[in-house]
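Architecture and fold: a report
The lines below spell out each chain.
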Amino acid sequence: MHQFTIGIEEEYQIIDVESRDLVSHVSKIIEGGKAVLSENLKHEMHESMIEMETGICQNIQEAKAELTNLRKHLIKTAHEQGLRVSGGGTHPFSNWEHNTITNGERYIKIVDDMGDVARGNLIFGLHVHIGIPNREEGVRIQNVMRYFLPHVYALSTNSPFWIGRNTGFKSYRQEIFVKFPRTGIPSFFNSLAEFDSYVDLLVKTGTIDNAKKIWWDLRVHPFYPTIEFRICDMPLRIDETVCLAAIMQSLVAKIYKLHQQNLSFRSYRRLLLNENKWRASKSGIEAHLIDFGKEESVPYPDLLKELLEFIDDVVDELGCRKEVEYAWTILENGTGADRQLKIFNETGDLTKVVDYMISETEYGITHGEVLHS
């Protein structure tokens, strides 16, 4: 069986202890964590965001161990600098207008190209790379995987608030990101050659300088032998990140297995897939998604059950059954969005929501008095 390696990138919010607002102090954290985390921390477009990434992990347990260790060090470094870090796809009340853009050539160019669309993109995601046998197979997997994106996305929904407003969405992050070009669910490609000629045309015409400027919800990575999931909001608890990564790994392995047996999965038009993405964005795990085969709207828990049955024959081979089945815990407790909204409905106070987000991000990680708020 091909080794479906895992690499995880998490984007964290950097939060001021007093105001609970975002604060542009990424350099403090990178400087403070240099000794332990220098290989794993990266600047992002806004200085109030920090990206943390694992190395290439052979299985989900290795990914969880590395992620836990990195998050522990990140939280400790933030505390030492008088700061906090948090998961969440958006900050509940921070205004993008007050957040500084990182002074790096790449980000300055993006802002030059896109103006306020780039400046306003103050959102936080989870990106997961799964190793693939080759790019040709990657395109075939990408074609099939598009169907499952809304199902995975619903479990991750974690951005109900934007600039102090309850948006009415479980994931408003995607509604912000859609202003960028070349986002959303990718089109169907008949072959790797067709995909490459699309990229080549964009580069040749000066539309993009490289394929990393294609920001789809799922993409065969231009530089690594991976398929990269980009649709999910940044979760709160580490177990949520691990569960999502395990489901993604299992789906890739299952689709590859079908292809090895000369079996495939029916392909649906992006127009239809977008309907399910919208429903997931709006209602998360409370959504009814369309079963295109039955031509019916089906409650999300029924579709999750079907999804887990679909991957059931690969999860033991991959050794990730426990991590995949954490999806039922998410269903029981609510996604990050459901839990944020519960705190807000109880308190009416968005700073209390931020307190909750910080404590959930530190859940099961923090040890010792230095890490207590």
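Since the model is a prediction, treat every value here as computed from it, not as a measurement.

Mean pLDDT over the protein chain: 91, with 97% of residues reaching 70 or higher. Confidence drops under a pLDDT of 50 for residues 367-373, and excluding neighbours within four residues, the segment shows 11 contacts in the predicted structure.

Moving on: helix H7 (residues 149-156). Summarising burial for H7: 8 of the 8 residues are buried, a large majority. Of all the positions in H7, only Leu149, Pro150, His151, Val152, Tyr153, Ala154, Leu155 and Ser156 are classed as buried.

What follows concerns unusual backbone geometry. The backbone of Arg182 shows a phi angle near 55 degrees, a positive value even though the residue is not glycine. By secondary structure assignment, the location of Arg182 is in the loop between helix H8 (173-177) and strand S8 (183-184).

Moving on to the side chain of Thr157. Here Thr157 is to be found in the loop between H7 and strand S6 (161-162). Here the side chain of Thr157 touches Ala154 through a polar contact of 2.9 Å, landing on its backbone oxygen.

A separate point is the environment of Leu304. Relative to the helices and strands, Leu304 resides in helix H12 (residues 300-310). Taking C-alpha positions, Leu304 is 8.7 Å from Trp328, a pair spaced 24 residues apart along the chain. With residues near it in sequence (within four places) discarded, Leu304 still touches Leu155, Ala327, Trp328 and Leu331.

With that settled, consider the pattern of salt bridges. Under the counting rule described, the total for this entry stands at 29 salt bridges. Between Arg321 and Asp316 there is a salt bridge, with its nearest N and O atoms 2.9 Å apart. In this structure Asp316 comes out as exposed when scored by relative accessible area, which is 52%. Taking the shortest distance from any N to any O, the salt bridge between Glu325 and Arg321 comes out at 3.5 Å.

This part takes up the packing of aromatic side chains. One pass over the full model with this rule turns up 20 aromatic pairs. On the basis of an interplanar angle of 20 degrees and a centroid distance of 5.2 Å, the ring pair of Phe148 and Phe310 is categorised as stacked. Taken together, the residues Phe148 in the loop between helix H6 (135-145) and H7 and Phe310 in helix H12 connect sequence positions 162 residues apart. For Phe310, a relative accessible area of 17% corresponds to the buried category. Between Tyr198 and Trp216, the aromatic rings sit 5.8 Å apart at their centres with planes inclined by 20 degrees, giving stacked as the arrangement. Of this pair, Tyr198 sits in helix H9 (residues 192-204) while Trp216 sits in strand S9 (residues 215-216), and the two are 18 residues apart along the sequence. Judged by relative accessible area, which is 25%, Tyr198 ranks as partly exposed.

Calculation criteria
- All residue numbers refer to position in the chain's written sequence, counted from 1.
- Only residues with pLDDT of at least 70 get local features here, since the model is predicted, and only at 80 or more are side-chain atom pairs given and counted; chain-wide, interface and lining totals rely on the full set of residues.
- As a convention, hydrogens and water are excluded, and side-chain values are obtained from all of the structure's heavy atoms.
- The quantity known as pLDDT measures the predictor's confidence residue by residue, on a range of 0 to 100.
- Any two residues whose heavy atoms approach within 4.5 Å are treated as being in contact.
- Only protein chains enter the area calculation, which uses a 1.4 Å probe; residues under 20% of their type maximum are buried, those over 50% are exposed, and those in between are partly exposed.
- Helical segments are the DSSP runs of H or I of at least four residues, strand segments are the runs of E of at least two, and each set is numbered from the N terminus.
- Pairs of N or O atoms within 3.5 Å make up the polar contacts considered here, provided that, within protein, one atom can donate a hydrogen while the other can accept it, and that residues adjacent in sequence are counted only when both atoms are side-chain atoms.
- Criterion for a salt bridge: a side-chain nitrogen of Lys or Arg within 4 Å of a carboxyl oxygen of Asp or Glu.
- Working definition: a ring pair exists when centres of Phe, Tyr or Trp rings (six-membered ring for Trp) sit within 6.5 Å. Plane angles under 30 degrees give stacked, over 60 give edge-to-face, the rest tilted.

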